[in-house]
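Working through the structure, step by step
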Amino acid sequence: ESDLWSCLQRFSEEIRELHGTDSVPYLDAVPSPLQFHREWISANRPCIIRNAISHWPAFHKWTLGYLRTRVGSKKVSVAVTPNGYADAVYKNRFVMPEERSMLLSDVLDIVEKKSKPPGVFYIQKQCSNLTEEFPELVEDVENHIPWMSEALGKSPDAVNFWLGESAAITSLHKDHYENLYCVISGEKHFILHPPSDRPFIPYEMFQPATYHVYEDGSFKVVDLESADKVPWIPVDPLEPDLIRYPAYKETKPLHCTVRAGEILYLPSLWFHHVRQSHGCIAVNFWYDMEYDIRYHYFQLLDSISKTDT
């Protein structure tokens, strides 16, 4: 077992050296599709691209006032939690937010601190919520990223809209997508782990539950009785419990801030934890990953990690 652990440590270190992932590099211009595929997608390396969306009308138009005028009277899906953590481990449960249908103008009142109802509010519903819930805004952005679509030979599976309070936090997880995360205003703060850190990132099985909000504003965690247990990462990279999860200290997370007008390329299977400035507005594009040798290497590493634990 100790030999396997040592091998996993060396493997992770060698992958970091190979990828040069001590920090997230910046590109000052949009790359060609061929260059991006060769240097970033194939290498499964993140980067931040400057000056990539400054031509979007949204970059100049999407103030909170514009959103209020354009779509303030529409009802949208909002995640509501007592603590800002949606889809996260809480009191030995995997707790999902209350999904509340609200007028966008009411959400903007909360973001602008004109009203202060209990809880933390975050427009974070995925499933292409930009096109499904905000069709009036679609004309202000591109419906895909041309150089990424050409590099991958496909269109995005989903285009998502994000807006919320600074207290809203996305817990550490990974996705089976090539992700282009575009910040329109404000800042997003990412903590990233490469897939090679998988042996040191714990997963446990949790009873799924959801928050229920009572009329007095109090929150209760309600189990989803008929649902199967969910594998999730219990460690919080902001305050990791290294006594309970000592292997996590073997990781070397990358920290980066994505500012207005920038795009983070977040490769598939990279673990990420996300915070934001208050009222940050962002759009991301999910492209389905290729289930190629990189995916199979990760599956092997995942299997070894489970065996080791």
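Per chain, residue numbering runs from 1 following the sequence as it is written. Per-residue local features are limited, in this predicted model, to residues with pLDDT of at least 70; the limit for side-chain atom pairs, both in listing and counting, is 80 or more; totals at the level of whole chains, interfaces and linings are taken over all residues. Think of the side-chain values as coming from all heavy atoms in the structure, minus any hydrogens and water.

As recorded in an unreviewed UniProt entry, the protein chain goes by Bifunctional peptidase and (3S)-lysyl hydroxylase JMJD7 and comes from Xenopus laevis. UniProt positions are given in the numbering used here, feature names are shortened, and annotations may be inferred rather than shown by experiment. According to its UniProt record, the protein chain has this under Cofactor (unreviewed entry): "Fe(2+)". In the Subunit (unreviewed entry) part of its UniProt record, the protein chain is described as follows: "Homodimer; disulfide-linked. Interacts with DRG1 and DRG2."

1. A short note on the overall build of the protein chain
Each helix is a run of DSSP H or I of at least 4 residues and each strand a run of E of at least 2, with the numbering of both proceeding from the N terminus. Counting secondary structure elements, the protein chain contains eight helices and 19 strands. Referenced to the eigenvectors of the C-alpha coordinate spread, the extents of the protein chain come out at roughly 60 × 50 × 30 Å. Exposure classes here rest on a 1.4 Å probe applied to the protein chains alone. A residue is buried below 20% of its type maximum, exposed above 50%, and partly exposed in between. Expressed as a percentage of its 309 residues, the buried residues of the protein chain come to 51%. Whether two residues touch is decided by their heavy atoms; if any such pair falls within 4.5 Å, the residues are in contact. Contacts in the protein chain between residues far apart in sequence, at least 24 positions, make up 82% of those at least 6 positions apart. Carbon and sulfur atoms make up 51% of the accessible area of the protein chain, which totals about 14300 Å². Areas reported here follow the Shrake-Rupley algorithm with a probe of radius 1.4 Å; residue values treat only the protein chains shown as occluding.

2. Side note on the sheet that holds strand β2 (residues 47–49)
Here, any two strands with at least 2 DSSP bridges between them count as paired. Ordered by their spatial adjacency, nine strands build an open sheet running β1-β2-β17-β11-β19-β9-β8-β3-β7, and the pairing between neighbours is mixed. Each end of this open sheet is capped by a strand with a single partner; those strands are β1 (26–27) and β7 (98–103). Of the pairings in the sheet, the one linking β2 to strand β17 (residues 263–266) comprises three bridges and is antiparallel in character. Bridge assignment links C47 to a residue of β17, and that residue is Y265.

3. Things to note about the sheet that holds strand β4 (residues 85–86)
The five strands lie next to each other as β4-β10-β18-β12-β16, forming an open sheet whose pairing is mixed. Edge positions in the sheet fall to β4 and β16 (254–259), since each of these pairs with one other strand and no more. With two bridges joining them, strand β10 (residues 169–173) and strand β18 (residues 271–276) adopt antiparallel strand pairing. Its bridge partner being in β18, T170 is matched across the sheet by V274.

4. Some thoughts on the environment of M289
Within the fold, M289 resides in the loop between β19 (281–288) and α8 (293–308). Assessed through its relative accessible area of 3%, M289 is described here as buried. In sequence terms M289 and S268 are 21 residues apart; their C-alpha atoms lie 6.4 Å from each other. Apart from residues lying up to four places away in sequence, M289 is in contact with K154, H176, Y177, E178, S268, L269 and Y295.

5. Here we look at unusual backbone geometry
Positive phi, normally seen in glycine, also occurs at N51, with a value near 55 degrees. Note that N51 resides in the loop between β2 and α3 (57–61). Overall, N51 belongs to the exposed group, its relative accessible area being 54%. The backbone phi angle of S128 is positive, close to 60 degrees, even though this residue is not glycine. Mapping S128 onto the fold places it in the loop between β8 (120–123) and α6 (129–133). For S128, a relative accessible area of 11% translates into the label buried.

6. A short note on the packing of aromatic side chains
Given two aromatic rings, their pairing is described by the distance between the two centres and the angle made by the two planes. Pairs were defined over the aromatic rings of Phe, Tyr and Trp, the Trp ring being its six-membered one, requiring ring centres within 6.5 Å. Orientation was assigned from the angle between planes: stacked under 30 degrees, edge-to-face over 60, tilted for the rest. Counted under the stated rule, the structure contains 12 aromatic pairs. Ring centres of W62 and F161 lie 5.7 Å apart, and the angle between their planes is 70 degrees; on these two criteria the pair is classed as edge-to-face. One end of the pair, W62, is in the loop between α3 and α4 (64–71); the other, F161, is in strand β9 (residues 158–164), with 99 residues separating them in the sequence. Given the relative accessible area of 3%, W62 is considered buried. A ring pair is formed by W162 and Y181, whose centres lie 5.8 Å apart and whose planes are at 40 degrees; its orientation type is tilted. Taken together, the residues span a long stretch of sequence, with W162 in strand β9 and Y181 in strand β11 (residues 177–185) at a distance of 19 residues. In this structure W162 comes out as buried when scored by relative accessible area, which is 8%.

7. Description of the side chain of E178
Mapped onto the fold, E178 is located in strand β11. In this structure E178 comes out as buried when scored by relative accessible area, which is 1%. Within the local environment of E178, its side chain forms a polar contact with the side chain of S268, the two groups lying 3.1 Å apart. Excluding anything up to four places from it in sequence, E178 contacts I41, M148, L152, Y265, L266, P267, S268, F285, W286, Y287, M289 and R294. Think of a polar contact as two N or O atoms within 3.5 Å of one another; within protein, one of them needs to be a possible hydrogen donor and the other a possible acceptor, and neighboring residues in sequence only count if both atoms come from side chains.

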